[in-house]
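# Results of the structural survey
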Amino acid sequence: MRSAHTRLLPLALVLAWSSGCALIGEEPGASVLVCRSDADCAENEVCFVDGCGDPGQDIVVEVTPNPALGLYAQDFPVGRLRADHNLELFKEASLSGTTLRTTASVSRPYSEPLFVRAVGTSALIPGVSRYHEAVLVPDNGRWTMPVAATGQYAVTLLAEDPNVPPQTTLGTVSPGEALPMVWQLPAANAVVHVQGRVTRHGGAPLDEDLKVEALDATLTPISQQRPVARATGDFSLALAPEAAHMSTVLVRVSAAGEGSLLPQQTFTVDPSDPLPAPLELGDFGTPVRVSGRVVALDGRPVAGATVSIRGRVSGGGAFQSPVVKTGPEGRFALRSLPSPSESPLQLVVVPPAASNAGLTVAPVVVARTDTVLADVVCLNRRVARGRLVQPDGSIAAGVRLIAEPVDAIPGRMLPPMLASETITDSSGEFVLRLDPALYRLDVVPGENLPRVSRFISVLPGDENTEQIVPPFGLQRGRTLRGRVLLRGREPGVPPGMPFASIRFYRVVNVEGRPASVLLGQSVTDTLGRYTALLPVR
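Residue numbers here run from 1 along each chain, matching the order of that chain's written sequence. It should be noted that, the model being predicted, local features are given only for residues of pLDDT at least 70 and side-chain atom pairs only at 80 or more, the latter also being counted only at that level, while totals for whole chains, interfaces and linings use all residues. To obtain the side-chain values, all non-hydrogen atoms of the structure were used and water was disregarded.

## Section: the overall build of the protein
Helix and strand labels come from DSSP, where a helix needs a run of H or I of at least four residues and a strand needs a run of E of at least two; each type is numbered from the N terminus. Summing up its helical and strand segments, the protein has zero helices and 42 strands in all. The 537 residues of the protein split such that 47% are buried. Should any heavy atoms of two residues lie within 4.5 Å, those residues are considered in contact. In the protein, of all internal contacts separated by at least 6 residues, the share reaching a separation of at least 24 is 64%. About 24,700 Å² of surface is accessible on the protein, with carbon and sulfur atoms providing 51% of the total. Accessible area is worked out with a 1.4 Å probe on protein chains only. A residue is then buried under 20% of its type maximum, exposed over 50%, and partly exposed in between. For the area figures, the Shrake-Rupley method with a 1.4 Å probe applies, and any residue is considered shielded solely by the protein chains shown.

## Here we look at the sheet that holds strand β15 (residues 192-199)
Two strands make a pair as long as DSSP finds a minimum of two bridges between them. Strand order in this open sheet of three strands is β18-β15-β21, and the pairing throughout is mixed. The sheet terminates laterally at β18 (234-239) and β21 (279-280), the two strands that pair on one side only. Pairing between β15 and β21: two bridges, direction parallel. Within the sheet, the bridge partner assigned to T199 lies in β21 and is E280.

## Thoughts on the side chain of R381
You can see R381 is positioned in the loop between β30 (376-377) and β31 (382-389). In this structure R381 comes out as buried when scored by relative accessible area, which is 4%. Looking at R381, its side chain comes within polar contact range of the main-chain oxygen of P351, at 3.2 Å. Reaching out from R381, the side chain makes a polar contact with the side chain of D435 at a distance of 3.1 Å. R381 has contacts with P351, P352, A353, S355, N356, A357, G358, L359, R433, L434, D435 and E463, leaving out every residue within four places of it along the chain. Polar contacts here mean pairs of N or O atoms no more than 3.5 Å apart (in protein, one a potential hydrogen donor and the other a potential acceptor; neighbouring residues in sequence count only if both atoms are side-chain atoms).

## Topic: the nonpolar core
Formed by 46 residues in total, the largest nonpolar core has its most connected members in V198, F235, L239, V294, L347 and V349. Excluding residues within four positions of it along the chain, V294 makes contact with R300, P301, V302, V307, T326, G330, F332, V349, V376 and C378. Buried Ala, Val, Leu, Ile, Met, Phe, Trp, Tyr and Cys residues form a nonpolar core when they are joined through side-chain atoms within 4.5 Å.

## With respect to the sheet that holds strand β10 (residues 129-136)
With antiparallel pairing, four strands are arranged side by side in an open sheet as β10-β9-β12-β13. Each having just a single partner strand, β10 and β13 (167-173) make up the two edges of the open sheet. Adjacent strand axes in the sheet meet at a mean angle of 20° when their direction is disregarded. Here strand β9 (residues 114-122) pairs with strand β12 (residues 151-159) via nine bridges, running antiparallel. The partner of T121 across the bridge, within β12, is Q152. Whenever a helix is involved, its axis is fitted only over the stretch in contact; in every case the axis is a line through C-alpha atoms, and angles between N-to-C directions fall within 0 to 180 degrees.

## Re unusual backbone geometry
Residues A149 and T150 are joined by a peptide bond in cis, for which omega reads 5°. You can see T150 is positioned in the loop between β11 (142-147) and β12. In this structure, N140 is a non-glycine residue whose phi angle is positive, near 55°. Relative to the assigned elements, N140 resides in the loop between β10 and β11. In this structure N140 comes out as exposed when scored by relative accessible area, which is 55%. Although it is not a glycine, F499 adopts a positive phi angle of roughly 60°. Following the sequence through the fold, F499 ends up in the loop between β39 (476-486) and β40 (501-510). Look at F499 and you get exposed, because its relative accessible area is 55%.

## Quick look at the pattern of salt bridges
Opposite charge on two side chains makes pairing possible when the charged atoms of those side chains draw close. The term salt bridge refers to a pairing of a side-chain nitrogen on Lys or Arg with a carboxyl oxygen on Asp or Glu at a separation within 4 Å. Applying the stated criterion to the full structure yields 16 salt bridges. Across the pair R230 and D209 runs a salt bridge whose closest N-O atoms are separated by 3.2 Å. Of this pair, R230 sits in the loop between β17 (226-228) and β18 while D209 sits in the loop between β15 and β16 (210-215), and the two are 21 residues apart along the sequence. You can call R230 partly exposed: its relative accessible area is 38%. The network of salt bridges with shared partners includes E404, R440, D442 and R451.

## Focus: a nonpolar patch on the surface
Together, L297, V377 and L379 line one region of the surface with nonpolar side chains, adding up to about 260 Å² of accessible area. Note that V377 resides in strand β30. Distance thresholds for patches are 9 Å for like charges and 5 Å for nonpolar side chains (Val, Leu, Ile, Met, Phe, Trp, Tyr), applied to residues having over 30% relative accessible area and no salt bridge.

## Concerning the pairing of strand β4 (residues 59-64)
Most of β4 sits out of view: six of its six residues are buried. The sheet contact formed by β4 and strand β5 (residues 74-77) spans four bridges and is antiparallel. Bridge pairing in β5 places V63 opposite Q74.

## A short note on the environment of F455
Its place among the elements puts F455 in strand β36 (residues 452-458). Along the backbone, F455 and V406 are 49 residues apart, and their C-alpha atoms lie at a distance of 9.2 Å.

## Focus: the side chain of E62
For E62, the location among the structural elements is in strand β4. The buried category is assigned to E62, whose relative accessible area is 9%. A distance of 2.9 Å separates a polar atom in the side chain of E62 from a polar atom in the side chain of R130.

And the structure:
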């Protein structure tokens, strides 16, 4: 889970302690705002990212019953947890759409096929994303689409008719709610049409599969993506009526398929006037073969690394080559466009998670003929070393840790979602080799103790100097049991929801911004019963 809300935290010290002290029915004492461990807090509190607090508060549960049956996630506050705690679900949440189109000054139901896409986030659990899509045929203009709740969505409607511009509406869906959303599609005579032609430099035809779309100044699409005629380069776009009041819009041309060796180019055009000339992609050159070898600092080959080339090519277009992998000897070969005369391209190398070699971005000059690059030398990943102890202070050996990048640090590329794993040794020590970034470190001790999470910032520096993570301890756990129930199930149907996925989160503040920490997770059995292990002070 990659959080959009998490900001850079102080080096290796931000603690996301997750506890279930709510299972103890005592009122919390006076809280303190700054803490380094549970020992700094009152007897019935624990140390969170934003200071000491009652671990029984600010807990949100996410239950996913069965997406295959259209029963998507529901998340809701659970209040003060009890040792025996049933989770009662609402009926499915959905978007209840009504689609109309103006015809001869009269709005009529629109019942042609639609593609509906809902993209958003949980309204209660920061960093948890939501995504749904479906092809629907409205019934007299009406349609329903089940979605996860509680969710804040941007819902985009794309008609099968290419002359209908896309429509987007914002809304929040709550559990058990059918959120009404109305789309008024524009009349045919209100749509703004832009027609043109895409060519190579000098007007030569491209003879490639291309797509084109129009965007406003915020890069929001105001037309559907439409194909470019391969033989002629001609295209036609239908823009939203508001384009008639814009002095300029952006027209983006890109390859229609993956792995293309064409640049993406964006043009500024006046939607009120016919295009005066074809949209030329520029003299970006002919694809060439680029080969080389990836090695570590000690000269050994780096096998299994992904390699690609990206950047601005001649003509100003943005280029991204296909991704290839290095072989056993660290060698690779790919196809790329040549470098522009004014600046080199970027070679991006991502070694496997288990490699000592780290993420490397290097400038490369690609000639207009086949190019053999000098060896690409990867710097080593930083060594992050720490130590775990049991709740009683004894050695925590054989404990699994997972580090996942969640945010970039200034001036550095965010590492791909390569989770790095390790296990503590006989003295409770662990070693992780990580690229510079902000990481969430999840500790999964096993069946008898709950998981613990913390954030660490791995900063650039001498790869030979280890970064020390201050020792921290596991926490005691308390077993939480219950059933997942569905409100209003039909008579004779068992109330328990089998095979439902359950996740308990605590919502905290990180540098004034909301964030979430996973406390525990479980799956219900055939009768809808679950058992979860949550931390306790």
